[in-house]
Amino acid sequence: HFMKFQPETLFYIFYNMPSDVLQAYAAAQLYHRCWRYHRELKLWFQNIQNNDRGESRWTFFDTTTWSKRPYIGQLDTSQFLQEDDVRVKLPS
């Protein structure tokens, strides 16, 4: 069912259900939609390609305005969690 949720709903689940399995499912779905979580900044980022000039820019989900906003500045992409870090792991 997570595929049907709007991104804002997934962000709500992620930020408001810490340590819950639903948080993990929301994070996995956000990664599937090309959002990346930054360890240090504790924010979600998405790389937006500008097809006209071949440039890309980052947007982030701002939890204070509950909206996507352009990110200004340098971004250390090595601080993004890897997809394996957010993959839901069920106990065996």
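Before reading on, note that the structure itself is shown above.
Residues numbered from 1 in each chain as written. Predicted model: local features only at pLDDT ≥ 70, side-chain atom pairs only at ≥ 80, totals over all residues. Heavy atoms only, no water.

A. How the structure looks around the overall build of the protein chain. Helices and strands together make up the secondary structure of the protein chain, namely three helices and four strands. Shown N-terminal to C-terminal, the secondary structure of the protein chain runs as helices and strands in the order α-α-β-β-β-β-α. The C-alpha radius of gyration of the protein chain comes to 14 Å, within 12% of the 12 Å expected for a compact globule of 92 residues. With the principal axes as the frame, the protein chain shows a C-alpha extent of 45 × 25 × 25 Å. Taken over 92 residues, the protein chain has a buried fraction of 30%. In the protein chain, the proportion of contacts linking residues at least 24 apart, taken out of those at least 6 apart, comes to 44%. Roughly 6,500 Å² of accessible area belongs to the protein chain as shown, and the carbon and sulfur atoms make up 51% of that amount. (Helix = DSSP H or I, 4+ residues; strand = E, 2+ residues; numbered from the N terminus. Rg over C-alpha atoms; globule rule 2.2 N^0.38 Å. Buried < 20%, exposed > 50% of the residue type's maximum accessible area, 1.4 Å probe, protein only. Contact = heavy atoms within 4.5 Å. Areas by Shrake-Rupley, 256 points an atom, 1.4 Å probe, with all protein chains shown as cover.)

B. Representation of the environment of Ser67 in the model. Tracing the sequence through the fold places Ser67 in strand E4 (residues 67–70). Given a relative accessible area of 25%, Ser67 falls into the partly exposed group. Along the chain, Ser67 and Gln79 lie twelve residues apart, while their C-alpha atoms are 22 Å from each other. With residues near it in sequence (within four places) discarded, Ser67 still touches Phe60, Phe61 and Asp62.

C. Fine view of the sheet that holds E4. Judged by pairing direction, the sheet is antiparallel, and its four strands sit side by side in the order E1-E2-E3-E4 without closing on themselves. The open sheet has two free edges, formed respectively by strand E1 (35–38) and E4, since each of these has just one partner strand. Taking the axes of each pair of neighbouring strands and ignoring which way they run, one obtains an average angle of 35° across the sheet. In this sheet, strand E3 (residues 55–62) lies alongside strand E2 (residues 43–50) in antiparallel orientation, the contact comprising six bridges. Each bridged residue has a counterpart across the sheet, and for Gln46 the counterpart in E3 is Thr59. Most of the contacts of helix H1 (residues 7–16) go to E2, to which it runs at about 155°, and overall it touches E1, E2 and E3. Packed onto the sheet, helix H2 (residues 21–32) meets E1 and E2 and runs at close to 125° relative to E1. (Pairing = 2+ DSSP bridges. Axes fitted to C-alpha atoms, helices over the stretch in contact; angles between N-to-C directions.)

D. Focus on the packing of aromatic side chains. Applying the stated rule across the entire model yields 17 aromatic pairs. By way of ring pairs, the aromatic residues Phe11, Phe14, Tyr15, Tyr31, Trp35, Tyr37, Trp44, Phe61 and Trp66 are connected into one cluster. (Phe/Tyr/Trp six-rings, centres within 6.5 Å; stacked < 30°, edge-to-face > 60°.)

E. Representation of the environment of Leu75 in the model. Relative to the helices and strands, Leu75 resides in the loop between E4 and helix H3 (83–86). Distance from Leu75 to Gln49, taken between C-alpha atoms, is 16 Å for residues 26 residues apart in sequence. With near-sequence residues (within four places) excluded, Leu75 lies in contact with His38, Leu41, Phe45, Trp58 and Phe80.

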